[in-house]
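Okay, here's what each chain looks like letter by letter:
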Amino acid sequence: MKLVIAVVQDKDSNRLSGALVKDGFRATKLASTGGFLRAGNTTFMIGVEDDRVQEVIKIIQANCKIREQMVTPVSPMGGTADSYIPFPVEVQVGGAAVFVLPVDRFERY
């Protein structure tokens, strides 16, 4: 058995959740916050048998897309704020960060 942990952008969360349920996977959703953009994320924890890991990964790939977004950088911590003029920059957001971990023991009560 494996534990698949997927960190996805909130915009992809409902679509991914629906796709997992449709294909018979149970998942726990946790609200999380990204460190770079300080934006809302959802972390999915999915327990799955070894032979179905690739199926879960394909579902995640199909439902979590990378897209471009304009953001204004946060002002630097040091120095004077007077000299800092933030200009919006385009960055890639979305997609998913996926971790697959071995599970030594699983019990359901």
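Numbering of residues begins from 1 in every chain and follows the order in which that chain's sequence is written. Thresholds applied to this predicted model are a pLDDT of at least 70 for local features of residues and 80 or more for the giving and counting of side-chain atom pairs; totals over whole chains, interfaces and linings are not thresholded and use all residues. As a rule here, side-chain values cover all heavy atoms of the structure and leave hydrogens and water aside.

Asker: Quick rundown of the pattern of salt bridges? Include the residues and the values.
Answerer: Salt bridges, as used here, are contacts in which a Lys or Arg side-chain nitrogen is within 4 Å of a carboxyl oxygen on Asp or Glu. Applying the stated criterion to the full structure yields 3 salt bridges. The shortest N-O distance in the salt bridge between Arg15 and Asp12 comes to 2.5 Å. Residue Arg15 and its partner Asp12 are both found in helix α1 (residues 10–22); the two are separated by 3 residues, about one turn of the helix. Linking Arg52 and Glu55 is a salt bridge whose minimum nitrogen-to-oxygen distance equals 3.1 Å. Using a 1.4 Å probe on the protein chains alone, a residue whose accessible area is under 20% of its type maximum counts as buried, one over 50% counts as exposed, and one in between counts as partly exposed. Take Glu55: its relative accessible area is 32%, and that puts it in the partly exposed class. Helix and strand definitions follow DSSP, with helices as H or I runs of at least four residues and strands as E runs of at least two, each counted in order from the N terminus.

Asker: Kindly report on α1, identifying the contributing residues and their values.
Answerer: Helix length check: α1, at 13 residues, gives a terminal C-alpha distance of 19 Å against a target of 18 Å (1.5 Å per residue), a fit within 8%. All of the buried residues in α1 are Asp12, Ser13, Leu16, Ala19 and Leu20. Immediately downstream of α1, the backbone of Gly24 shows phi near 85°, a positive value. Multiplying 1.5 Å by the residue count of a helix minus one yields the expected span of that helix.

Asker: Help me get a handle on the nonpolar core, residues and values and all.
Answerer: Generally speaking, a soluble globular protein has its nonpolar side chains buried in company with each other. Put simply, a nonpolar core is a bunch of buried Ala, Val, Leu, Ile, Met, Phe, Trp, Tyr and Cys residues held in one set by side-chain atoms that sit within 4.5 Å of each other. Among the nonpolar cores identified, the biggest contains 16 residues, and Leu16, Leu20, Phe25, Phe44, Ile46, Val56 and Ile60 are the most heavily contacted of them. Any two residues whose heavy atoms approach within 4.5 Å are treated as being in contact. Residues in contact with Phe44, not counting those within four places in the same chain, are Val4, Ile5, Ala6, Val8, Ser13, Leu16, Ser17, Leu20, Ala27, Thr28 and Lys29.

Asker: Account for the sheet that holds strand β3 (residues 40–48), with residues named and values stated.
Answerer: Note on pairing: two strands pair once DSSP finds at least 2 bridges between them. The 4 strands lie next to each other as β2-β3-β1-β6, forming an open sheet whose pairing is antiparallel. Two strands bound the open sheet, and with one partner strand each, they are β2 (28–33) and β6 (96–102). If you compare each strand with its neighbour and ignore which way they point, the axes differ by 20° on average. Note that strand β1 (residues 2–9) and β6 share 7 bridges and pair antiparallel. Fitted lines through C-alpha atoms serve as axes, helices being fitted only where they are in contact, and the angles separating the N-to-C directions of these axes extend from 0 to 180 degrees.

Asker: Can you lay out the confidence of the model for the chain for me, pointing to particular residues and giving the numbers?
Answerer: Every residue carries a pLDDT, the predictor's confidence in it, which falls somewhere between 0 and 100. For the chain, the mean per-residue pLDDT works out to 84, and 74% of the residues sit at or above 70. Per-residue pLDDT, averaged within each element of the chain, yields its smallest value for strand β5 (residues 89–94) (66) and its largest for helix α2 (residues 53–63) (96).

Asker: Kindly report on the environment of Asn14, identifying the contributing residues and their values.
Answerer: Topologically, Asn14 is positioned in helix α1. Residues Asn14 and Thr42, spaced 28 residues apart in sequence, show a C-alpha to C-alpha distance of 9.6 Å.

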